[in-house]
Amino acid sequence: MNILFYLAAVVAVVAAVMVITRLNAVHALLYMIVSLLALALVFYTLGAPFVAALEIIIYAGAIMVLFVFVVMMLNLGEAATAQELIWLNPHAWRGPALLALVLVALLVYTLGGNGRFLPATIISPKQVSLTLFGPYLLGVELASFLLLAGLVGAHHLGKRDG
Amino acid sequence: MAEIPMEHGLIVAGLLFATGMVGVIVRRNIFFILLSIEMMLNAAGLAFVVAGARWAQADGQVMFIFILAMAAAEVSVGLALVLQLYNRFKTVDVDAASEMRG
């Protein structure tokens, strides 16, 4: 279990460094998604399977997809569309493929362990939800305010002029 | 199997946070700045989850859920602002938006 944590943490940090050093926005987004997947594995090893699932579903699955949509919409490489073909060489795929392979190997190793790799203390989703809708109920309501404000703001700001 | 020390988890969170911070400072492309901010938020969430696991309480995960909701709202508004920036200045270079002359 410990080696799982340390390997996933290394993958997360390496992918994070790659995010900020890429020239191409889409490459950086792909590395960010790898980093989020590695972080989900880290959460699992810490005994937090609920936020591990949430991290993948919401962060990598919704927020990063929103980023990808906007990057694709703005078509950032439009000044060098022909150069994109030059950029699209196999070298660009080596990094994310290697990191993703490490994660897949870790996943297979964990699943093949017949339950040996469960963390020492797991905080179940039921405990999280009892706490969330118990002492932290006010925070839930405030979060819904924030999301409504974000929704209205994004709708207004996203409109075209005129 | 031994518990993972809290310090190691916090070190990972610190490394991620520092990486995001460097990304915000160094990059000029607004997408990379937003991405680095998301990385910093993730690092803070990791710190919360590590702390919650240390004391075997659900509060760390609850804080992470709030951070998640906040990051979603912030990203939608931030990307809408990026669209406005692009429509206005025809570039994603943040240094182009310097009309207030610091």
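Residues numbered from 1 in each chain as written. Chains lettered and ligands numbered in written order. Predicted model: local features only at pLDDT ≥ 70, side-chain atom pairs only at ≥ 80, totals over all residues. Heavy atoms only, no water.

S.K.: Describe in detail the overall build of chain A, supporting the description with residues and values.
M.R.: Each helix and strand in chain A was counted, giving 7 helices and 0 strands. Ordered by position from N to C terminus, the α and β elements of chain A give α-α-α-α-α-α-α. Counting across all 162 residues of chain A, residues that qualify as buried make up 38%. Looking at chain A alone, contacts between residues at least 24 apart form 70% of all its contacts between residues at least 6 apart. Of the roughly 9,100 Å² of accessible surface on chain A, 75% is carried by carbon and sulfur atoms. (Helix = DSSP H or I, 4+ residues; strand = E, 2+ residues; numbered from the N terminus. Buried < 20%, exposed > 50% of the residue type's maximum accessible area, 1.4 Å probe, protein only. Contact = heavy atoms within 4.5 Å. Areas by Shrake-Rupley, 256 points an atom, 1.4 Å probe, with all protein chains shown as cover.)

S.K.: Would you mind going over the overall build of chain B in detail, with residue names and values included?
M.R.: Along chain B, the regular secondary structure elements total 3 helices and 0 strands. In chain B, the succession of α and β elements from N to C terminus is α-α-α. In terms of overall dimensions, chain B is more spread out than a globule: its C-alpha atoms have a radius of gyration of 17 Å, far above the 13 Å expected for 102 residues. In terms of overall dimensions, chain B has a C-alpha envelope of 55 × 25 × 25 Å along the principal axes. For chain B, the residues scored as buried account for 49% of the 102 residues in total. Contacts in chain B between residues far apart in sequence, at least 24 positions, make up 56% of those at least 6 positions apart. Of the roughly 4,700 Å² of accessible surface on chain B, 67% is carried by carbon and sulfur atoms. In chain B, the 6 positive side-chain charges and the 8 negative ones have mean positions that sit 14 Å from each other. (Rg over C-alpha atoms; globule rule 2.2 N^0.38 Å. Lys, Arg positive; Asp, Glu negative; His and termini not counted. Charge placed at Lys NZ, Arg CZ, Asp CG, Glu CD.)

S.K.: Which residues make up the interface of chain A and chain B, and what values go with them?
M.R.: Contacts between the two partners involve 65 residues from chain A and, on the opposite side, 56 residues from chain B. In this assembly, chain A packs against chain B so that about 5,200 Å² is buried in total across both faces, 78% of it on carbon and sulfur atoms. Per-residue buried area on chain A facing chain B is highest for Ile20, Phe67 and Leu157 of chain A; these three make up 13% of the total on that side. Between the two partners, chain A and chain B, sit 0 salt bridges. For the pair chain A and chain B, the interface holds 6 residue pairs in polar contact (both at pLDDT 80 or more). Of all the secondary-structure elements, those providing two or more residues to the side of chain A that touches chain B are helix 1 (2–21), helix 2 (25–45), helix 3 (49–74), helix 6 (125–132) and helix 7 (137–157) of chain A. (Buried area = accessible area lost by both parts, 1.4 Å probe. Salt bridge = Lys/Arg side-chain N within 4 Å of Asp/Glu carboxyl O. Polar contact = N/O pair within 3.5 Å; in protein donor to acceptor, adjacent residues only side chain to side chain.)

S.K.: So what about the packing of helix 1 of chain A against helix 2 (residues 30–54) of chain B? Which residues, and what values?
M.R.: Relative to each other, helix 1 of chain A and helix 2 of chain B sit at 160°, their axes nearing to 10 Å. Relative to helix 2 of chain B, the element helix 1 of chain A is oriented roughly antiparallel. The crossing of helix 1 of chain A and helix 2 of chain B is left-handed. Packed against helix 1 of chain A, whose contacting residues are Ala16, Val19 and Ile20 of chain A, the element helix 2 of chain B presents Phe32, Leu35, Ser36 and Met39 of chain B at the interface. Among the residues forming the contact of helix 1 of chain A with helix 2 of chain B, the class breakdown is 6 nonpolar, 1 polar and no charged. (Axes fitted to C-alpha atoms, helices over the stretch in contact; angles between N-to-C directions. Parallel < 35°, antiparallel > 145°, perpendicular 65-115°, else oblique. Left-handed = near helix turned anticlockwise from the far one by under 90°. Nonpolar A, V, L, I, M, F, W, Y, C, P; charged D, E, K, R; others polar.)

S.K.: Pulling in residues and values, what's your account of the packing of helix 2 of chain A against helix 3 of chain A?
M.R.: Between two packed helices, what matters for the description is the angle formed by their axes and the separation of those axes. All names here are of chain A. Running from amino to carboxyl end, helix 2 crosses helix 3 at an angle of 175°, the nearest separation of the two axes being 8 Å. By the angle class used here, helix 2 and helix 3 are roughly antiparallel. Taking contact as the criterion, the partners of Ala25, Val26, Leu29, Met32, Ile33, Leu36, Leu37, Leu39, Ala40, Phe43 and Tyr44 in helix 2 are, on helix 3, Pro49, Val51, Ala52, Glu55, Ile56, Tyr59, Ala60, Met64, Phe67, Val68, Val71 and Met72.

S.K.: Tell me about the nonpolar core, and please be specific about residues and values.
M.R.: Ranked by internal contacts, the top residues of the largest apolar core, which has 77 residues, are Leu46, Met64 and Phe67 of chain A together with Phe31 and Leu46 of chain B. Top element by residues in this core is helix 3 (residues 59–89) of chain B. It accounts for 14 residues. Among residues more than four places away in sequence, those in contact with Met64 of chain A are Leu29, Met32, Ile33, Leu36 and Tyr59 of chain A together with Leu35 and Glu38 of chain B. (Core = buried A, V, L, I, M, F, W, Y, C linked by side-chain atoms within 4.5 Å.)

S.K.: Explain unusual backbone geometry to me, using residue names and the numbers behind them.
M.R.: The phi angle at Ala56 of chain B is positive, at roughly 50°, despite the residue not being glycine. Tracing the backbone shows Ala56 of chain B in the loop between helix 2 and helix 3.

S.K.: Describe the confidence of the model for chain A, and please don't skip the residues or the numbers.
M.R.: Summarising the model, chain A shows a mean pLDDT of 83, and 81% of its residues fall at 70 or more. In the model of chain A, helix 4 (residues 81–87) of chain A stands out as the element of lowest mean pLDDT, 53, in contrast to helix 7 of chain A, which has the highest, 93. (pLDDT = per-residue confidence, 0-100.)

S.K.: Which residues make up the confidence of the model for chain B, and what are the values?
M.R.: Mean pLDDT for chain B: 87, with 97% of residues reaching 70 or above. Across the whole predicted complex the pTM is 0.80, and at the interface the ipTM reaches 0.90.

S.K.: Break down the packing of aromatic side chains for me, with residues and values.
M.R.: Within the structure shown, the criterion is met by 3 aromatic pairs over all chains. Seen in terms of ring centroids, Phe5 of chain A and Tyr6 of chain A are 5.1 Å apart; in terms of plane orientation they differ by 75°. Their pairing is edge-to-face. Phe5 of chain A gets classed as buried once you look at its relative accessible area, which sits at 1%. On the basis of relative accessibility, which here comes to 31%, the residue Tyr6 of chain A falls in the partly exposed class. Consider the rings of Phe43 of chain A and Phe64 of chain B, whose centres lie 5.0 Å apart with planes at 70°: the pair is edge-to-face. Taken together, the residues Phe43 of chain A in helix 2 and Phe64 of chain B in helix 3 connect one chain to another. Neither residue differs from the other here; Phe43 of chain A and Phe64 of chain B are each classed as buried. The positively charged end of Arg27 of chain B is found above the aromatic ring belonging to Phe32 of chain B, 3.7 Å away from the centroid. (Phe/Tyr/Trp six-rings, centres within 6.5 Å; stacked < 30°, edge-to-face > 60°. Lys NZ or Arg CZ within 6 Å of the ring centre and 35° of its normal.)

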